[in-house]
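In case you want the letters, here they are:
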Amino acid sequence: MDITKVITEELGVGFKQVEAAIQLLDEGCTVPFIARYRKEKTGGLLDVQLRQLETRLASLRNLEEKKASVLKNIEEQGKLTEELKKEIEEAMTMVALEDIYRPYKQKRRTRATIAKEAGLEPLALLIQLQKLTKPLAEVAREYINEEAKINTPEDALAGASDILAETISDSADYRTWIREKTMEKGNIASEAKDEKAESVYENYYKFVSPIKKLNGYQVLALNRGEKEKILTVKIEAPEEDVLKYLARKTIDKDTEGELREFLKSVAADAYARLIAPSIENEIRNQLFEDAEDAAISVFGKNLKQLLMQPPIAGQTVLGWDPAFRTGCKCAVVDPTGKVLDTVVVYPTAPTTPAKIADAKAKIKAMIKKYHVTLISCGNGTASRESEKIIAEIIQEIPEEKVSYVITNEAGASVYSASELGSEEFPNFDVGQRSATSIARRVQDPLAELVKIDPKSIGVGQYQHDMNQKKLSEQLKNVVEDCVNSVGIDLNTASFALLQYISGISKVVAKNIVTYREENGEFKTRRELLKVAKLGPKAFEQCAGFLRIRNGKNPLDNTAVHPESYAAAEELLKELSVADQMKKGDTLSVKAALETVSTKDLKAFAEKQEIGLPTLQDMVEELKKPGRDPRQDMPRPILRQDVMQLSDLSVGMVLKGTVRNVIDFGAFVDIGVHQDGLVHISQMAKNRFVKHPLDVVGVGDIVDVKVISIDEKKGRIGLSMILENNK
């Protein structure tokens, strides 16, 4: 197989682009580095395309390894022909390869192998030839073997039937046709084991859907319901079509009478006993894998949106971890993320007026003492009860100009009990750590959320049912892409953040922190080469993504890679703004760069022997050194008052924050206890929406209309289809 050609066709890009990307990956380059600094080689492949390429490359190489193993095994059996070798080499999927390999695979002792041991294979071959001149019973009588417990002609025919059934089952062509036909015309059906029992799977108590129309979230729900022993799930195959096909393929047109009926029963047995169960398993597995891949993709896109939310810089934040019995844990964090104070208050049930008054007094005192401007309240248990108290506090001290925001606290408890949390705050209890995390999440979401296992951040669906290794790898890639696209401050970044930078391992990340603690701040990027185990290759991969503010070289605070410094400095000299760059006069530098034409850039690129894409990226970076790409994302909604479910009415239009996106819609926080659901059918007026992610992402601020309220079940139906909406 020409792997490069296959990937080229699948991605719809140039052969040379794929060839270059594979070479770079094999040399140990990371996707963020290739996407940013090797555009000339790859023809500008995006990080998303490179991730797809990397995944497919690994998959196809695994397939090639499996082919080599299969060829070796069949050759050792002395059964490898040129035709079979060609068929194996041309297999494009593991399923196709397994189908071809099935007849040669070492099997456990089956009914067919027992029949062969009893000497019935010649009888099976005779019947298969369909040239019999005597009745079946007479032919079979010659194969009676009492030692092998073949005592009658019927025993002999039963054994021959088993051999023929296994032969039919082992046919790759038959299995491929049956699998495709079942996918095309089959249904998947489920029913409840106890119809009277209440559960979240009630929609699947009497459920039937064509396999080809099944949605990923339905597959995941069916699998979980079956796993929890609430549902029974089965595939309803087009059995009549399959049996007609097998009869057509295995019985000659002129074969009649008892031989035809015998062969029809053989085909029916092969299908019912051997083919159907395994095909059903294969289809169920394939459906799950496809649904799993789609769900992981959605999870990844949601996670990216969450990580790329803009930081609320320059504010002193009070983090509020809500709870009932154990009290609300609060931590005040200054604009740099340093914890100034912590306290536990008891304003939520079970409580008393005295405890509420005490809580308010303590929080007001902290607000005034530390000049708190924002309260970040976690959205977990007792969140809305806490929100009510927070809103009252804000109303009682209007002169302090405090706002609050509801923050997704998913994973805060995981972080607070983690080894990393213990290392960062050894003298804090889990509540204090959690409150600190909730505060820091609004100051810099990316820096704080990288400390938490992505699976615990809570922006997916059915994540606990998925292949955890695959999920972890995909989410790690998302975090890596986000961290590198933003770039991080080398002198303040935590170990948790540094380990996601291109080319930096966990060991090297710890070594960077250790070096910083022992030697003080880095003055230049080149100083990284003094860090233990950070060699030239790692430096090449990481340097462009690390920033040094107020360092010796202003270029160290940009995404310009050190390998391009000479060209950058030459360009600034030609524009007579090199001194302005050193002095931090970014406006003069930007003004000068704005005058450079595309023609000038091409000429300069040729002169400096630098690629045009690299030069164009350099110019954009020099215009806005240290710019944070998250600035373009929607900012969180800051509130000063609270709403109850009872305050809502159908037809009301509100602003909300998208908290999670799933296959059938999006959950939106509109400021009441429950998030409302915008079903996919309520996302656009005059166009079909294939997936909610085509319209919204986590963290988006959206206008929604209330279309239904179920106070008993705590459900709110929302619509994004407003007047004048498209």
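Residues numbered from 1 in each chain as written. Predicted model: local features only at pLDDT ≥ 70, side-chain atom pairs only at ≥ 80, totals over all residues. Heavy atoms only, no water.

Caption draft 1: Quick peek at the overall build of the protein chain. Counting secondary structure elements, the protein chain contains 30 helices and 15 strands. In the protein chain, the proportion of contacts linking residues at least 24 apart, taken out of those at least 6 apart, comes to 66%. Here the protein chain displays about 36000 Å² of accessible surface, and carbon together with sulfur accounts for 49% of that area. Counting 104 positive and 112 negative side-chain charges, the protein chain places the centres of these two groups 3 Å from one another. (Helix = DSSP H or I, 4+ residues; strand = E, 2+ residues; numbered from the N terminus. Contact = heavy atoms within 4.5 Å. Areas by Shrake-Rupley, 256 points an atom, 1.4 Å probe, with all protein chains shown as cover. Lys, Arg positive; Asp, Glu negative; His and termini not counted. Charge placed at Lys NZ, Arg CZ, Asp CG, Glu CD.)

Caption draft 2: The sheet that holds strand 11 (residues 653-662), seen in detail. Here five strands make up a closed barrel; going around it, the order is 11-12-13-15-14 and the pairing mixed. Sheet twist, expressed as the mean angle between neighbouring strand axes with direction ignored, is 50°. With five bridges joining them, strand 11 and strand 14 (residues 701-710) adopt antiparallel strand pairing. Paired with Gly656 across the bridge in strand 14 is Val702. (Pairing = 2+ DSSP bridges. Axes fitted to C-alpha atoms, helices over the stretch in contact; angles between N-to-C directions.)

Caption draft 3: Structural view of the nonpolar core. The biggest cluster of nonpolar side chains holds 170 residues, and the ones touching the most others in it are Ile127 and Ile512. Looking at which element gives the most residues to this core, the answer is helix 15 (residues 257-307), with 21 residues. With sequence-adjacent residues up to four places away left out, Ile127 is seen in contact with Leu132, Leu136, Leu157, Ala160, Leu164, Leu259, Phe262 and Leu263. Core analysis: the second largest hydrophobic core is formed by 24 residues, Trp320, Val372, Ala391 and Ile397 among them. (Core = buried A, V, L, I, M, F, W, Y, C linked by side-chain atoms within 4.5 Å. Buried < 20%, exposed > 50% of the residue type's maximum accessible area, 1.4 Å probe, protein only.)

Caption draft 4: Structural context of the packing of aromatic side chains. The final tally for this structure, using the stated rule, is eight aromatic pairs. With centroids separated by 5.1 Å and ring planes inclined at 65°, the aromatic side chains of Tyr204 and Phe207 adopt a geometry described as edge-to-face. With relative accessibility at 10%, the residue Tyr204 sits in the buried group. Look at Phe207 and you get buried, because its relative accessible area is 11%. Among the aromatic residues, those joined into a ring-pair cluster are Phe33, Tyr37 and Phe545. The ring of Tyr346 carries Lys355 above its face, with NZ or CZ at 5.8 Å from the centroid. The ring centre of Phe495 lies 5.3 Å from the NZ or CZ of Lys510, which sits over that ring. (Phe/Tyr/Trp six-rings, centres within 6.5 Å; stacked < 30°, edge-to-face > 60°. Lys NZ or Arg CZ within 6 Å of the ring centre and 35° of its normal.)

Caption draft 5: A look at the environment of Met633. Among the structural elements, Met633 can be located in the loop between helix 30 (612-623) and strand 11. Once the C-alpha coordinates of Met633 and Ile363 are considered, the two residues, 270 residues apart in sequence, prove to be 31 Å apart.

Caption draft 6: Structural context of helix 28 (residues 586-594). Taken together, the buried positions of helix 28 are Val589, Ala592 and Leu593. Down the axis of helix 28, the smallest arc covering the buried residues is 95°, so these residues share one side. In this structure, the buried side of helix 28 is in contact with helix 26 (565-574), helix 27 (578-583) and helix 30. (Arc of directions from axis to C-beta.)

Caption draft 7: Summary view of the state of the cysteines. One pass over the structure, following the stated rule, counts zero disulfides. No disulfide involves Cys29; its nearest neighbouring cysteine sulfur is the one of Cys542, lying 13 Å away. You can call Cys29 buried: its relative accessible area is 7%. (Disulfide = S-S within 2.5 Å.)

Caption draft 8: Quick look at the side chain of Arg284. The topology assignment puts Arg284 in helix 15. Apart from the residues within four sequence positions on either side, Arg284 is in contact with Ile188, Asn223, Glu226, Val233 and Ile235.

Caption draft 9: Summary view of helix 14 (residues 239-250). Counted at 1.5 Å a residue, the expected span for helix 14 with its twelve residues is 16 Å, and the 16 Å between its end C-alpha atoms agrees. The complete set of buried residues in helix 14 reads Val242, Tyr245, Leu246, Ala247 and Thr250. Against the buried residues of helix 14 lie helix 11 (153-169), helix 12 (172-185) and helix 15. (Expected span 1.5 Å × (residues − 1).)

Caption draft 10: Layout of the packing of helix 26 against helix 30. Between helix 26 and helix 30, whose axes approach to 11 Å, the crossing angle comes to 60°. Remark: the crossing between helix 26 and helix 30 carries right-handed chirality. Facing Ala567, Ala568, Leu571 and Leu572 of helix 26, the residues of helix 30 in contact are Leu615, Met618, Val619 and Leu622. Within the contact of helix 26 with helix 30, the residues separate by chemical class into eight nonpolar, no polar and no charged. (Left-handed = near helix turned anticlockwise from the far one by under 90°. Nonpolar A, V, L, I, M, F, W, Y, C, P; charged D, E, K, R; others polar.)

The values reported here are purely geometric and, on their own, carry no functional implication.
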